[in-house]
Amino acid sequence: MTTTRTHPRRANRQRTRTAAPSPVPDLVIGKPALPGQVVLVLQGGGALGAYQVGVYQALHEAGIEPDWVIGTSIGAINAALISGNRPEDRLARLNEFWHRVEQQWPVTGLFDWFGLGNFLPNFNTVARGIPAFFKPNQLAIGGGKAEVGVESASYYSTAPLRETLNDLVDFDYLCQCKTRLTVGAVNACSGHMRYFDNRHEPLNADHVMASGALPPAFGAIRIDGEPYWDGGIYSNTPIEAVLDDKPRRDSLIFAVNVWHQTGPEPASIWQVMSRQKDIQYASRADSHIARQKQIHRLRHVIRELYQQVPRNRQTDAKVKELASWGCGTTMHVAHLLAPRVDGEDHTKDIDFTSAGIHARRSAGYADTMRMVERSPWKTATVDPMEGVIEHV
């Protein structure tokens, strides 16, 4: 039910592996009728980003390719794998990345029987890292007291991720801006959020890595001489990047969230730790949307007022300047929220087990297929004064 709230690459690349929840049928020929540009907004969340792969697969099968992908942290990595490859290669590149970071623990059920859940596989990730993603930083073993510079002041090195990205993302293709890519990172010194966009500058692995450089686990990435950390410590839900974009365009925004803003009252220290992460990284998504609804309504009001101005005054320079603050664009926001997985706890964002990745990816696929089948943006009653329409 819809709620309308007034609310390339290396020639010797190894053969890719597919771990999709269902076979990929022939791609639908032709793009479905959609209310504007298609924007895919991806939150950060480590292993929870597997949900986003299922979302993209469902859109891909439906013939819906994004015009613009915006991401933070793991969302930035998935976004680069999408935007930085031709449409026919994207799913294979996503599959390969997630195959490389997947941790094989075939006897996880035995751990469950002893009440350990994913403790052992997750502990292995903490202790040894993930070969295609990050590895322990030898400089941090001594306790981190030595001054090593902001790039190395971390528990892990993300040098393996640079190699993985350069292998799986065609940055030459990305810089052609066939599909727009925006990744968010925060300046470690100024504390200001910055969105790196291939529409405005060439992007490379550094920009993607900066968006996922979550301290103190990962060291900052230096760009233009400045150190940057994971944008999620400032805003993990980068939907404002599209809602504040200029010039504004009618859009269908798939907002893919992996953290839950609301949840039950925690009753144990582990539940408290899990709930704290949800609240922190959900990043006030609802309040961001509420603010943007108000702003876009005012833009529509300004446009309406301008139309009431006598024609002989509409050409006045001051009137035209004031009218430029108005617009008539409509943003349809289709919300997709990753469900909680049975047995997950505060370590869910490092649950790179085969079972965890498959469960979350399958959920993203199923949720998106249902959303596309309903296509609520086709049937929603839209108040002409509303600029942001939500669908859940």
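Everything below is about the structure shown above.
Attention here is on the structure that accompanies the text. (Residues numbered from 1 in each chain as written. Predicted model: local features only at pLDDT ≥ 70, side-chain atom pairs only at ≥ 80, totals over all residues. Heavy atoms only, no water.)

1. Section: the environment of Ala220
Put simply, the rule is: A run of H or I in DSSP counts as a helix once it spans at least four residues, and a run of E counts as a strand once it spans at least two, with each numbered from the N terminus. We call a residue buried when its accessible area falls under 20% of the maximum for its residue type, exposed when it is over 50%, and partly exposed in between, using a 1.4 Å probe and counting protein chains only. It only takes one pair of heavy atoms within 4.5 Å for two residues to be counted as in contact.
Of note, Ala220 is situated in the loop between α8 (205-211) and β7 (221-223). Ala220 sits in the buried class, given a relative accessible area of 3%. Once you skip the residues sitting within four places of it in the chain, Ala220 turns out to touch Val150, Glu151, Ala213, Pro227, Tyr228 and Trp229.

2. Details of helix α3 (residues 87-101)
Rules: Expected span of a helix: the number of residues minus one, times 1.5 Å.
Spanning 15 residues, α3 covers 22 Å between terminal C-alpha atoms, matching the ideal 21 Å at 1.5 Å per step. If you follow the buried residues of α3, they end up packed against α1 (50-61), α2 (74-83), α6 (159-168), α7 (171-174) and α14 (354-374).

3. Things to note about the nonpolar core
For clarity, the cut-off: Working definition of a nonpolar core: buried Ala, Val, Leu, Ile, Met, Phe, Trp, Tyr and Cys residues. They are joined through side-chain atoms within 4.5 Å.
Membership of the largest hydrophobic core comes to 67 residues, with the highest contact counts inside it found for Leu40, Ile77, Phe97, Trp98, Phe133, Leu165 and Phe254. Per element, the largest residue contribution to this core is seven residues, and it comes from α2. Filtering out sequence-adjacent residues up to four positions away, Leu165 remains in contact with Ile77, Phe171, Ala205, Val208 and Met209.

4. Describing the pairing of strand β10 (residues 331-337)
Applicable threshold: One bridge is not enough; two strands pair if DSSP finds at least two bridges between them.
Along β10, six of the seven residues are buried, which leaves the element largely enclosed by surrounding structure. With seven bridges joining them, strand β9 (residues 251-257) and β10 adopt parallel strand pairing. Residue pairing across strands places Val256 opposite Leu336, the latter belonging to β10. Taken together, the four bridges between β10 and strand β11 (residues 388-391) define a ladder with parallel strand orientation. Directly across from Val333, in β11, lies its bridge partner Glu390.

5. A few points about a nonpolar patch on the surface
Here is the rule: Here, patches come from residues exposed beyond 30% relative accessible area and free of salt bridges, joined within 9 Å for like charges and within 5 Å for nonpolar side chains (Val, Leu, Ile, Met, Phe, Trp, Tyr). Surface exposure here means Shrake-Rupley accessible area, sampled with a 1.4 Å probe, where a residue is shielded only by the protein chains that are shown. A pairing counts as a salt bridge when a side-chain nitrogen of Lys or Arg comes within 4 Å of a carboxyl oxygen of Asp or Glu.
There is a patch of nonpolar side chains on the surface, built from Phe119, Leu120, Phe123, Ile269, Trp270, Val272 and Met273 and spanning about 670 Å² of accessible area. Of all the secondary-structure elements, those providing two or more residues to the nonpolar patch are α5 (119-128) and α10 (269-282). Residue contributions to the nonpolar patch peak at four residues, all from α10. Topologically, Leu120 is positioned in helix α5. Assessed through its relative accessible area of 30%, Leu120 is described here as partly exposed.

6. Describing the pattern of salt bridges
Under the definition given, this model contains 19 salt bridges. For Glu96, the salt bridge identified is with Arg100, shortest N-O distance 2.9 Å. Residue Glu96 and its partner Arg100 are located together in helix α3, separated by four residues, close to a single helical turn. Residue class for Glu96 comes out buried when judged on its relative accessible area of 0%. Through salt bridges with shared partners, a single ionic network connects Arg275, Asp278, Glu344, Lys348, Asp351 and Arg360.

7. Considering the packing of α2 against α3
We count it as follows: Inter-axis angles, ranging from 0 to 180 degrees, are taken between N-to-C directions of lines fitted to C-alpha atoms, where helices are fitted over the stretch in contact. Each residue gets one of three labels, nonpolar for Ala, Val, Leu, Ile, Met, Phe, Trp, Tyr, Cys and Pro, charged for Asp, Glu, Lys and Arg, and polar for the others, Gly among them.
Running from N to C, α2 and α3 cross one another at 145°; their axes reach a closest spacing of 8 Å. Note on element contacts: α3 touches α2 through Arg90, Arg93, Leu94, Phe97 and Trp98, opposite Ile74, Ile77, Asn78, Leu81, Ile82 and Ser83. Across the contact of α2 with α3, the residue classes tally to seven nonpolar, two polar and two charged.

8. Things to note about the layout of surface pockets
Rolling a probe over the atoms, with the probe sized like a water molecule, indicates the empty space that remains. Rule in force here: In this analysis the probe radius is 1.4 Å and the grid spacing 1 Å, with only protein atoms considered; a cavity is a set of points the probe fits into but cannot get out of, a pocket is an open set with protein on both sides within 12 Å along at least five of seven lines, and lining residues have an atom within 4 Å of a point. Grid points are joined across faces, edges and corners, and a volume is the space filled by probe spheres set on the points.
If you add up the space inside the largest pocket, you get close to 680 Å³. What lines the largest pocket is a set of 31 residues, among which Leu214, Ala217, Phe218, Asp349 and Ile350 lie closest to the centre. Looking at the lining of the largest pocket, the elements with two or more residues in it are α2, α5 and α10. The element that contributes the greatest number of residues to the lining of the largest pocket is α10, accounting for three residues. For the lining of the largest pocket, the class distribution of residues is 17 nonpolar, 11 polar and three charged. When its volume is computed, the second largest pocket comes out at roughly 400 Å³. Residue lining of the second largest pocket: 20 residues in total, with Asn257, His335, Leu336, Leu337 and Val392 positioned closest to the centre. If you tally residues by element for the lining of the second largest pocket, the top one is α14, at four residues.

9. With respect to α6
For clarity, the threshold we go by: The arc under discussion is defined with respect to the helix axis, by the directions toward the C-beta atoms.
For α6, every residue scored as buried is listed here: Pro160, Leu161, Thr164, Leu165, Asp167 and Leu168. Along the axis of α6, the buried residues cluster in a sector spanning 160°; they form a single face.

10. Considering the packing of aromatic side chains
Two measures describe an aromatic ring pair: the distance that separates the ring centres and the angle between the ring planes. Using the following cut-off: Two aromatic rings from Phe, Tyr or Trp, using only the six-membered ring of Trp, form a pair when their centres are within 6.5 Å; if the ring planes differ by under 30 degrees the pair is stacked, by over 60 it is edge-to-face, and anything between is tilted. Two conditions define a charge located above a ring, namely a distance within 6 Å from the ring centre to NZ of Lys or CZ of Arg, and an angle within 35 degrees of the ring normal.
This structure, assessed with the given rule, holds 12 aromatic pairs. Pairing Phe134 with Phe218 gives two aromatic rings, centres 5.2 Å apart and planes at 50°, and the pair type is tilted. One end of the pair, Phe134, is in the loop between α5 and β3 (135-136); the other, Phe218, is in the loop between α8 and β7, and 84 residues separate them in sequence. Of the two residues, Phe134 and Phe218, both sit in the buried class. A centroid spacing of 6.3 Å and a plane angle of 70° characterise the contact between Tyr156 and Phe218, whose relative ring orientation is edge-to-face. With a gap of 62 residues between them, Tyr156 in strand β4 (residues 156-157) and Phe218 in the loop between α8 and β7 connect regions that are remote in the sequence. In textbook terms, an aromatic cluster arises when at least three aromatic residues are bridged by ring pairs, as seen for Phe97, Trp98, Phe133, Phe134, Tyr156, Phe218 and Phe352. When the ring centre of Trp68 is taken as reference, the NZ or CZ atom of Arg180 above it lies at 3.7 Å.

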